[in-house]
Amino acid sequence: MGSMRSLAGTAAAAALLALPVAVLPAAAATTDDCTSAQAAADRAQKDFDQTKKAYQDQIAAGGNPGAAERQELADADVRRSVTAAEAERVCDSAT
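Residues numbered from 1 in each chain as written. Predicted model: local features only at pLDDT ≥ 70, side-chain atom pairs only at ≥ 80, totals over all residues. Heavy atoms only, no water.

1. Some remarks on the pattern of salt bridges
Logical step 1: On inspection of all chains with the given rule, the structure shows four salt bridges.
Logical step 2: A salt bridge links Lys53 to Asp57; its shortest N-O distance comes to 2.8 Å. Of this pair, Lys53 and Asp57 both sit in helix H2 (residues 31-60), four residues apart, which is roughly one turn of that helix.
Logical step 3: The class of Asp57 is partly exposed, set by a relative accessible area of 38%. (Salt bridge = Lys/Arg side-chain N within 4 Å of Asp/Glu carboxyl O. Helix = DSSP H or I, 4+ residues; strand = E, 2+ residues; numbered from the N terminus. Buried < 20%, exposed > 50% of the residue type's maximum accessible area, 1.4 Å probe, protein only.)

Below, the structure is given as structure tokens:
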């Protein structure tokens, strides 16, 4: 039940983070804006990959990740999704 509550909280956080992007008017982005947004998305993806690997390594070593580790992974996943969506939006408006 706790992980369901955590996932619901994560989904709600992702929705709230995505709202301002949808509300803001589409301003013309520059190529530099696109490059910067893509770099942020790449960093978030790398962070997620490292967090996921550490989580899986802990399980493989016989460990049992707790709520903090599950939340860290969920948060990294949200950051990855939000920054990827933002990079897509910024880069689409730069073309």
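2. Digging into the confidence of the model for the protein chain
The predicted coordinates of low-pLDDT regions are not to be read in fine detail.
Logical step 1: On average, residues of the protein chain carry a pLDDT of 82, and 68% of them reach 70 or more.
Logical step 2: The least confident element of the protein chain is helix H1 (residues 2-23), whose mean pLDDT is 52; the most confident is H2, at 96. (pLDDT = per-residue confidence, 0-100.)

3. Notes on the state of the cysteines
Logical step 1: Here the structure, examined in full by the defined rule, presents one disulfide.
Logical step 2: Here Cys34 pairs with Cys91 through a disulfide, and the sulfurs are 2.0 Å apart. Handedness of the Cys34-Cys91 disulfide follows from its S-S torsion of about 100°: it is right-handed. With Cys34 in helix H2 and Cys91 in helix H3 (residues 67-94), the pair connects residues that are 57 residues apart, well separated along the chain. (Disulfide = S-S within 2.5 Å.)

4. Let's talk about the packing of aromatic side chains
Logical step 1: Under the counting rule described, the total for this entry stands at zero aromatic pairs.
Logical step 2: The side chain of Arg80 reaches across the aromatic face of Phe48, ending 4.0 Å from its centre. (Phe/Tyr/Trp six-rings, centres within 6.5 Å; stacked < 30°, edge-to-face > 60°. Lys NZ or Arg CZ within 6 Å of the ring centre and 35° of its normal.)

5. Comments concerning H3
Logical step 1: Between the first and last C-alpha of H3 there are 40 Å, a value that for 28 residues agrees with the 40 Å anticipated at 1.5 Å per step.
Logical step 2: Every buried residue belonging to H3 is among Leu73, Ala74, Ala76, Val78, Ala87, Val90 and Cys91, and all of these are buried. (Expected span 1.5 Å × (residues − 1).)

6. Considering the environment of Ala54
Logical step 1: Among the structural elements, Ala54 can be located in helix H2.
Logical step 2: According to the relative accessible area criterion, Ala54 is partly exposed, its value standing at 47%.
Logical step 3: Sequence-wise, Ala54 and Leu73 are 19 residues apart; in three dimensions their C-alpha atoms are separated by 9.5 Å.

7. Structural notes on the packing of H2 against H3
Logical step 1: Contact pair H2 / H3: the axes reach a minimum separation of 8 Å and the direction vectors enclose 160°. Compared by their axis directions, H2 and H3 come out roughly antiparallel. For the pair H2 and H3, the crossing hand works out as left-handed. (Axes fitted to C-alpha atoms, helices over the stretch in contact; angles between N-to-C directions. Parallel < 35°, antiparallel > 145°, perpendicular 65-115°, else oblique. Left-handed = near helix turned anticlockwise from the far one by under 90°.)

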